[in-house]
Amino acid sequence: MSTYAVTGAASGMGRAVADQLRTAGHTVIDVDIVESTVTADLSTPAGRRSAATEVLERADGRLDGAVMAAGLGPAPGRDRPRLIAEVNYFGVVDLLEAWRPALAAADRAKVVVFASNSSTTVPVVPGRAVRGFLDGDLEKVLRTLRPFGKQAPTFAYAASKVAISRWVRRTAVTRGWAGAGIRLNAIAPGAVLTPLLDKQLATPAEAKQIKRFPVPIGGYGDADQLADWVVFMLSDSADFLCGSVVFVDGGSDAWFRADDW
Ligand code: NAI
């Protein structure tokens, strides 16, 4: 049986993944701002440091895998772009960098990061913000997003997901993670019915946008089905999967960029 760290395990898809892993007999170290095995606020550097350290202590220096599901949606609010940037990008990168030796200590460790199909379906995501993320420069990200005003959270969200997808692809193959035996991949869901989406649907302006968004299959994704995909991506059957971003989104990504190959 294996040991996995799961962030965002108190709700939605992270919770569904943690439940499935525990039911299969694995040990899950869950991390969330809501009371969990490791309770931490991933929106601050100190919270990320304490989460990273506590997980390593509990895992005894060896992790068979990690699932990075903690995330914030693009709700309104002045401080929201910063929170989105800190949790959705730095809350993934800082923890995984700290856990890399423990992942390398396991045999064929697997990591799944929650990206989003916003990374390919939101138009004109500012490249400067994406570069700010990849440079580790939070202030540059926030400066770039400021002129977007009320739309800043939407672009912060999309930029955080573009950046984390690029980080996954670069890190998986060009920074020695594959060579260390670690499979690093991302899943890019479309709209999935979780508390995150429920909050967006409760806001009339956001609900209108979500309902108008093209989903060829129709409807919303199911958290347990998304968890099935993640658990598969953690399994031995996914040994040859490396640096991939797997879209599970009812066809929206294909709708927007069928010929983009
Ligand atoms: P959710 O809101 O149900 O769960 C997110 C979890 O992250 C919660 O348990 C929350 O407490 C935790 N979290 C938030 N801020 C935190 C912080 N500062 N420190 C520690 N934990 C924190 O969301 P859902 O829908 O399950 O989302 C999971 C991931 O999937 C997120 O990264 C999200 O961006 C992504 N995603 C979700 C989609 C959807 O339609 N639900 C679509 C595409 C991507």
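Basis of the calculations
- Residues numbered from 1 in each chain as written.
- Predicted model: local features only at pLDDT ≥ 70, side-chain atom pairs only at ≥ 80, totals over all residues.
- Helix = DSSP H or I, 4+ residues; strand = E, 2+ residues; numbered from the N terminus.
- Buried ≥ 20, exposed ≤ 12 C-beta atoms within 10 Å, placed from the backbone.
- Contact = placed C-beta atoms within 7 Å.
- Near = placed C-beta within 6 Å.
- Pairing = 2+ DSSP bridges.
- Axes fitted to C-alpha atoms, helices over the stretch in contact; angles between N-to-C directions.
- Parallel < 35°, antiparallel > 145°, perpendicular 65-115°, else oblique.
- Nonpolar A, V, L, I, M, F, W, Y, C, P; charged D, E, K, R; others polar.
- pLDDT = per-residue confidence, 0-100.
- Expected span 1.5 Å × (residues − 1).
- Bend = angle between axes of the 7 residues up to and from the residue.
- Right-handed = clockwise from strand over helix to strand, strands pointing away.
- Left-handed = near helix turned anticlockwise from the far one by under 90°.

It is worth spelling out the environment of Ala158 at this point. Inspection of the secondary structure assignment puts Ala158 in helix α7 (residues 152-174). Under the C-beta neighbour-count criterion, Ala158 is labelled buried, with 25 such atoms within 10 Å. Linking Ala158 and Val130, residues 28 residues apart in sequence, is a C-alpha distance of 9.2 Å. Setting aside residues up to four positions removed in sequence, Ala158 forms contacts with Ser118, Ser119, Val122 and Val125.

The environment of the ligand is made up of 27 residues, and the closest members are Gly8, Ser11, Gly12, Gly71 and Thr194. Residue assignment for the shell around the ligand shows that the elements contributing at least two residues are α1 (12-23), α3 (80-104) and α8 (195-201).

Next up on the list: the sheet that holds strand β5 (residues 110-114). Strand order across the open sheet formed by seven strands is β3-β2-β1-β4-β5-β6-β9, with parallel pairing between neighbours. Either end of the sheet is taken by a strand with one partner, and the two such strands are β3 (38-39) and β9 (245-248). For strand β4 (residues 65-68) and β5, the ladder comprises four bridges, and the chain directions are parallel. For Gly65, the partnering residue across the bridge sits in β5 and is Lys110. Packed onto the sheet, α3 meets β1 (3-7), β4 and β5 and runs at close to 175° relative to β4. Packed onto the sheet, α7 meets β5, β6 (183-189) and β9 and runs at close to 155° relative to β6.

At their nearest, the axes of α3 and α7 sit 8 Å apart, and the two run at 10° to each other. As judged from the angle between their axes, α3 and α7 are roughly parallel. Of the residues in α7, those touching α3 at Arg80, Pro81, Ile84, Ala85, Asn88, Tyr89, Val92 and Val93 are Ala152, Pro153, Ala156, Tyr157, Ser160, Lys161, Ala163, Ile164 and Trp167. Of the residues that constitute the contact of α3 with α7, the class distribution is 13 nonpolar, two polar and two charged.

Let us now look at the environment of Phe240. Tracing the sequence through the fold places Phe240 in the loop between α10 (223-233) and β9. Taking the C-alpha atoms as reference points, Phe240 and Arg183, 57 residues apart in sequence, are found 8.2 Å from one another.

With that settled, the discussion passes to the confidence of the model for the chain. The share of residues in the chain with pLDDT of 70 or more is 100%, and the mean pLDDT across the chain is 96. For this predicted complex, the interface score ipTM comes out at 0.99, alongside a pTM of 0.98.

Taking 1.5 Å per residue, 25 residues should reach 36 Å; α3 reaches 34 Å between its end C-alpha atoms and fits that length. Of all bends in α3, the biggest is about 45°, found at Ala98, and the proline Pro101 comes one to four residues later.

Attention now goes to the pairing of β5. Counting buried positions over the five residues of β5 gives five, a clear majority of the element. With α3 bridging β4 and its parallel neighbour β5, the resulting β-α-β unit is right-handed. Sheet topology note: the β5/β6 ladder contains five bridges and is parallel. Counted as the bridge partner of Val112 is Asn185 from β6.

This part takes up the environment of Gly243. Mapped onto the fold, Gly243 is located in the loop between α10 and β9. Gly243 sits in the partly exposed class, given 17 other C-beta atoms within 10 Å. On a C-alpha basis, the gap between Gly243 and Val125 in space is 22 Å, while along the polypeptide they are 118 residues apart.

Here we take up the pairing of β9. Of the two faces of β9, only the one carrying Val245 and Phe247 is buried; Val246 and Val248 on the other face are not. Here β6 runs beside β9; their pairing, made up of four bridges, is parallel. When the bridges of β9 are listed, Pro189 appears paired with Val248.

Quick look at the packing of helix α5 (residues 127-134) against helix α6 (residues 138-145) now. Axis separation between α5 and α6 bottoms out at 7 Å; the angle between their running directions is 165°. The angle between α5 and α6 places the two elements in the roughly antiparallel class. Crossing angle aside, the handedness with which α5 passes α6 is left-handed. The residues of α6 that touch α5, namely those facing Arg128, Ala129, Gly132 and Phe133, are Lys140, Val141, Thr144 and Leu145. Classifying every residue of the contact of α5 with α6 gives four nonpolar, two polar and two charged.

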